[in-house]
Amino acid sequence: MANVVVITPVFNDLCRLCANKISVLMGTPIFDREGDTKQIPQKIATCLPVEVSPTDKLPKMVCENCVYKLDMMFEFREQTVKTESLLSDLLKEDDLQ
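Residues numbered from 1 in each chain as written. Predicted model: local features only at pLDDT ≥ 70, side-chain atom pairs only at ≥ 80, totals over all residues. Heavy atoms only, no water.

Going by what an unreviewed UniProt entry lists, the protein is known as ZAD domain-containing protein and is assigned to Dryococelus australis.

The next thing to look at is the pattern of salt bridges. Per the counting criterion, the structure on display carries six salt bridges. Between Lys-38 and Glu-34 there is a salt bridge; the shortest N-O distance is 3.3 Å. Residue Lys-38 is classed as partly exposed on the basis of its relative accessible area, which comes to 33%. For Glu-34, a relative accessible area of 34% puts it in the partly exposed group. Sharing partners across several salt bridges, the network here consists of Arg-16, Asp-56 and Lys-60. (Salt bridge = Lys/Arg side-chain N within 4 Å of Asp/Glu carboxyl O. Buried < 20%, exposed > 50% of the residue type's maximum accessible area, 1.4 Å probe, protein only.)

Glancing now at the side chain of Thr-28. Considering the arrangement of structural elements, one finds Thr-28 in strand E1 (residues 27–29). Discounting residues that sit within four places of it in the chain, Thr-28 has contacts with Glu-34, Gly-35, Lys-38, Ile-40, Lys-60, Met-61, Val-62 and Val-67. (Helix = DSSP H or I, 4+ residues; strand = E, 2+ residues; numbered from the N terminus. Contact = heavy atoms within 4.5 Å.)

To continue, consider a nonpolar patch on the surface. On the surface, a cluster of nonpolar side chains totalling about 280 Å² of accessible area is made up of Leu-86, Leu-87 and Leu-90. A relative accessible area of 43% places Leu-90 in the partly exposed class. (Patch = residues over 30% accessible without salt bridge, like charges linked within 9 Å, V, L, I, M, F, W, Y side chains within 5 Å. Areas by Shrake-Rupley, 256 points an atom, 1.4 Å probe, with all protein chains shown as cover.)

What follows is about the UniProt feature "binding site: Zn(2+)" (unreviewed entry) in the protein. Listed under "binding site: Zn(2+)" (unreviewed entry) in the UniProt record, and renumbered for this structure, are Cys-15, Cys-18, Cys-63 and Cys-66. Their sequence span is 52 residues, while the largest C-alpha to C-alpha distance among them is just 8.2 Å; these annotated residues converge on one region. Along the chain, Cys-15 falls in the segment before E1. Accessibility expressed as a relative area gives 3% for Cys-15, which makes it buried. (UniProt positions renumbered as here; feature names shortened; annotations may be inferred.)

Dropping the structure here:
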């Protein structure tokens, strides 16, 4: 009987958000000091419909491209929240006059 080799992706080499292959040097660990400094877990929870946990069995790295996109999404979300508040305040002021 011939040996069958099954090739499965090594999860540690894949980006958690896009599944592109990344090296340890080119990715940001989600749950270490760098990930905490960049607020990666919080940004994922705030902006994306996925859950990440240090105890799940999925990859724990995010590629540079996804970190950039996550930063842009988070900044845009924060901007829209501030704008909504500002516009609501302006509307309240207008209603008082």
